[in-house]
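Given next are the chains, with one letter for each unit.
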Amino acid sequence: MAAGTTVDHLTETYRAHYRSLLGLAALLLDDTASCEDVVQEAFIRVHSARGRVREPEKTLAYLRQTVVNLSRSALRRRILGLKLLSKPMPDMASAEEGAYDLLERDQLIKAMRGLQRRQREVLVLRYFADMTEAQVAETLGISLGSVKAYGSRGIAALRVAMEAPA
């Protein structure tokens with residue numbers, strides 16, 4: 001290779017600096033297995049990108065930076081995992097509540113079917129597909145004012161249908 005780090009140079013760098021890179025990772029992470037994983041991944045990434053390392057003497061600097069970046073990523077994943085684990089489990093709904101929710105959902109579906117086609121399309125795209133009014137207008141090929149009008153009338157009709165005794 002004319003430019004870039006050769007595989008032989010990378011192998012020499014591995015032999016000479018593996019322990020020091022492991023020590024760098026150990027300063028950032030707390031367990032040996034993670035440190036070894038980070039250093040191995042750094043070598044794999046540098047090997048994959050060795051053609052982009054224009055000056056072989058900068059290979060070690062590139063490896064050090066990669067170890068630091070991978071260690072940061074590992075810490076971020078751990079922190080995110082801890083945040084997710086620390087959240088209390090939501091209270092489970094009772095069977096009665098679940099049945100009530102199912103009836104309410106069935107009533108909503110029936111009410112939605114009773115709407116005019118355009119009202120139903122606007123409401124589904126706006127509230128179930130979570131589109132903005134502008135996106136709904138573009139999707140349906142109607143004006144923004146029409147989206148607002150169909151949406152308003154559709155909600156009013158749903159309100160009436162949901163309040164009516166089943």
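Below or above, wherever it landed, is the structure these notes cover. Keep in mind the model is a prediction, meaning the values are calculated, not measured.

## Points about the overall build of the protein chain
And step 1. A count of helices and strands for the protein chain gives 7 helices and 0 strands.
And step 2. Ordered by position from the N terminus, the helices and strands of the protein chain form the series α-α-α-α-α-α-α.
And step 3. Counting the 166 residues in the protein chain, one finds 25% classified as buried.
And step 4. Sequence-distant contacts, at least 24 apart, represent 60% of the contacts inside the protein chain between residues at least 6 apart.
And step 5. When the accessible surface of the protein chain is summed, it comes to about 11900 Å², and 56% of that surface belongs to carbon and sulfur atoms.

## A few points about the packing of helix α5 (residues 117-128) against helix α6 (residues 133-140)
And step 1. α6 packs onto α5 with a crossing angle of 130 degrees between their chain directions and a minimal axis gap of 9 Å. By the angle between their directions, the pair α5 and α6 is classed as oblique. Like other packed secondary-structure pairs, α5 and α6 cross with a definite hand, here right-handed. Judged by residue contacts, Arg-118, Glu-121, Val-122, Leu-125 and Arg-126 of α5 engage Glu-133, Val-136, Thr-139 and Leu-140 from α6.
And step 2. Per-class residue counts for the contact of α5 with α6 are 4 nonpolar, 1 polar and 4 charged.

## Observations regarding helix α2 (residues 32-48)
And step 1. Helix length check: α2, at 17 residues, gives a terminal C-alpha distance of 24 Å against a target of 24 Å (1.5 Å per residue), a fit within 8%.
And step 2. Within α2, the full set of buried residues consists of Ser-34, Cys-35, Val-38, Val-39, Ala-42, Phe-43 and Val-46.

Criteria and thresholds
Counting restarts for each chain: residues are numbered from 1 in the order of the written sequence. Predicted model: local features are reported for residues with pLDDT of at least 70 only, side-chain atom pairs are reported and counted for 80 or more only, and whole-chain, interface and lining totals are derived from all residues. Water and hydrogen atoms play no part in the side-chain values, which are based on all heavy atoms of the structure. Counting from the N terminus, the helices are DSSP H or I runs at least four residues long and the strands are E runs at least two residues long. Think of it in three bands: with a 1.4 Å probe and only protein chains considered, a residue is buried below 20% of the maximum accessible area for its type, exposed above 50%, and partly exposed in between. Should any heavy atoms of two residues lie within 4.5 Å, those residues are considered in contact. Surface accessibility in these figures is a Shrake-Rupley result with a 1.4 Å probe; residues are shielded only by whichever protein chains are displayed. Helix axes are fitted only over the stretch in contact, all axes being lines through C-alpha atoms; the angle between N-to-C directions runs from 0 to 180 degrees. Under this scheme an angle from 65 to 115 degrees is roughly perpendicular, one under 35 degrees roughly parallel, and one over 145 degrees roughly antiparallel; angles in between are oblique. For any pair of crossing helices, the crossing counts as left-handed if the nearer helix is rotated counterclockwise from the farther one by less than a right angle, and right-handed if it is rotated clockwise. Charged means Asp, Glu, Lys or Arg here, nonpolar means Ala, Val, Leu, Ile, Met, Phe, Trp, Tyr, Cys or Pro, and polar covers whatever is left, Gly included. To estimate the expected span of a helix, subtract one from its residue number and multiply by 1.5 Å.

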